[in-house]
Structures are given as structure tokens and as C-alpha cells.
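# Structural characterization, general
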Amino acid sequence: MSTLVCALSLVLLGAAPMDVSRGMLFEAAPERLDARVGEWVTYQMDGGPQPGFLRLAVVAEQKDALDRDAVWVELELGQHPAMKAPLAQFLLLVARDTGLRTEGVSRLFVTQGFEKLQEVDTAALPFFLGSPGKQQPRPALPPPSARLPVGEGSTVRRGPPARLMTFAGTVTAEPLEVRHRQLLLKRYWVSREIPILRLAKLEFPPIRYSMEVRDHGLDARPRLVPPAPSDKKITLEPASHLPPHFQPVSQSGTAWGTEDNRP
């Protein structure tokens, strides 16, 4: 489950390393998902024991349960750029008006390794994606060289567009740096030439981690086959159904709901 949580945190929740507020991973993420069906992009992630790869593809479109225009997005993680034997795969129905954010995901299918794709029950979605909070309108990006406050002691500095060399070739991209006081937390480059996320490159200098576009295209076809509607969904069992040694522990150090904890 850790792979799923990390992947969705990276793309949907904006969870960043270190103690950084939610939403600061990719401050310039598109607020609307305008990607066409067939667009796909692959990223190479460096900084771990070995390189990893992430692939995003828009494979279909339809209305969601709230009658919003939505698209089916496939997300895959693996150790091979062609996603041979992927470690984890996700299929999400995302509303176009929200972009890749928690409040826009109405359906989610997951699998790890060679397991069969399984849908997450609607009631369990907050556990996988986090509960959507009230989103304040984001201010427009500042002009080049200006600073945009994003939290107490933190700023985003935006530079002028420039040519950037990536694994996928040279693109025109705008550099942005996020600092917390004097510490450079991350830097990334945004390009209209890169589909879906518009993200060309992302770096976390404090932990020597980076994610860079490796390839992209317009010919994506669905790779994941949803299960039958009658198949069992992933649900959350009440904590009281867990064995005693898995029961949540209260501040007093005793398990909730056990005989020893009753008055």
C-alpha cells in the first residue's frame, strides 16, 4: 500500500518531503485538466537506490457521477521506462474542471504487481486520496523575478522562460524555485510543450531527488481493464473488527474498544 500512497501523494495531493504544507509540491499545476484523449507522458525519477519511472496517460472521457466532464487517467509506476512488469497501476476518473486533485477524483482502481485491478469503494476514497479541504483561489503566477508568498516563511520565485534540456529533448520552460526562509526546498520547470501536468523537471536539492520528463506522445491506448461491476471493491473495515494487537491505541496507551479499556 505504501507505493499507492506515495504515488497518489506525488501527483494528487502535493505532499512534499520535509515539513512543507500540502499543496506546495507543484504550485503551478494546471487548475484544469485540458489534456486530450491519447496524451501520455513518462517521467524518470532519480535519487533512490535505482531509477524509477512514472507514466501518466489520458485514455478516455465521460461524465462522472456529478455530471462533470471527466477523463480516465492511467498512472503507472515501475523500474522500466516502457512499464514492463509495473510495480503499481492506478486508473482514475478525474473531473476536468478540478485538474488532478483530490476533489476531482470520483472513481479509483488500483493494483500492485500482478494482482487484478480492483475498485476502491467510494466511502474509502478519503483514505486513499485524503479529504478535500476548502480550496482557496490561487493567485495568478507573478511576473518573472517576482516573489509569490505560499506560506509562512515560504516564497516562490519565478524566472523568465528559457530553453531547458531534458531526457525528452529541449523545451521552452519557466523555472520556479520554492524557498523556506534561506533554504531552497525545490525547483521545477513548467512547459506548455509537456502534456497533462505541464511539468518538465522537478528537483528536491535537500534530498537529492529529481523527476524529469523522459518521453511523451499522443497515441495512448487503454492498458488497464476495469473489473466487472459485481467484483468486490476495496473497503475499510471498522477498527473494532481488527485483532487486539492491531487496535488503535489511545493516548493512555490502551487499545480502544477492548475489554481492558472499558469503564
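A brief look at the structure comes next.

### Some details on the overall build of the protein
A count of helices and strands for the protein gives two helices and 13 strands. For the protein, long-range pairs separated by at least 24 residues make up 49% of all intrachain contacts whose partners lie at least 6 apart in sequence. Accessible surface computed for the protein: about 14,600 Å², of which carbon and sulfur atoms make up 55%.

### Side note on the packing of aromatic side chains
Using the criterion set out here, one finds two aromatic pairs in the structure. With centroids separated by 6.0 Å and ring planes inclined at 45 degrees, the aromatic side chains of Phe204 and Tyr209 adopt a geometry described as tilted. Cation over ring: Lys201 sits above Trp189, and NZ or CZ is 5.6 Å from the ring centre.

### Let's talk about the pattern of salt bridges
Counted by the stated rule, this structure contains 19 salt bridges. One salt bridge in this structure joins Arg187 and Glu203, with 3.0 Å as the shortest N-O distance. Pair noted here: Arg187 is in strand 11 (residues 183-190) and Glu203 is in strand 12 (residues 199-204), with a separation of 16 residues, a long-range link. You can call Glu203 buried: its relative accessible area is 17%. In this structure, the salt-bridge partner of Lys201 is Glu212, at a minimum N-O distance of 3.8 Å. Residue Lys201 is located in strand 12, and its partner Glu212 is located in strand 13 (residues 209-217); the two are separated by 11 residues in the primary sequence.

### A closer look at the pairing of strand 9 (residues 162-166)
Pairing geometry for strand 9 and strand 10 (residues 169-180), over five bridges, is antiparallel. Across the sheet, residue Leu164 finds its bridge partner in strand 10, namely Val171. Taken together, strand 9 and the strand that follows it, strand 10, pair antiparallel across an intervening segment of two residues.

### Digging into the side chain of Gln89
Its place among the elements puts Gln89 in strand 4 (residues 88-95). Polar side-chain contacts of Gln89 include one of 2.8 Å to the side chain of Glu76. Sequence-distant contacts of Gln89, defined by excluding residues within four places in its chain, comprise Leu75, Glu76, Phe109, Val110, Thr111, Leu117 and Leu224.

### Observations regarding the environment of Gly52
Mapped onto the secondary structure, Gly52 falls in strand 2 (residues 52-63). Remark: the alpha-carbon pair of Gly52 and Gly78, spanning 26 residues in sequence, is separated by 6.0 Å. Residues in contact with Gly52, not counting those within four places in the same chain, are Tyr43, Gln44, Met45 and Gly78.

Criteria and cut-off values
- Residues numbered from 1 in each chain as written.
- Predicted model: local features only at pLDDT ≥ 70, side-chain atom pairs only at ≥ 80, totals over all residues.
- Heavy atoms only, no water.
- Helix = DSSP H or I, 4+ residues; strand = E, 2+ residues; numbered from the N terminus.
- Contact = heavy atoms within 4.5 Å.
- Areas by Shrake-Rupley, 256 points an atom, 1.4 Å probe, with all protein chains shown as cover.
- Phe/Tyr/Trp six-rings, centres within 6.5 Å; stacked < 30°, edge-to-face > 60°.
- Lys NZ or Arg CZ within 6 Å of the ring centre and 35° of its normal.
- Salt bridge = Lys/Arg side-chain N within 4 Å of Asp/Glu carboxyl O.
- Buried < 20%, exposed > 50% of the residue type's maximum accessible area, 1.4 Å probe, protein only.
- Pairing = 2+ DSSP bridges.
- Polar contact = N/O pair within 3.5 Å; in protein donor to acceptor, adjacent residues only side chain to side chain.

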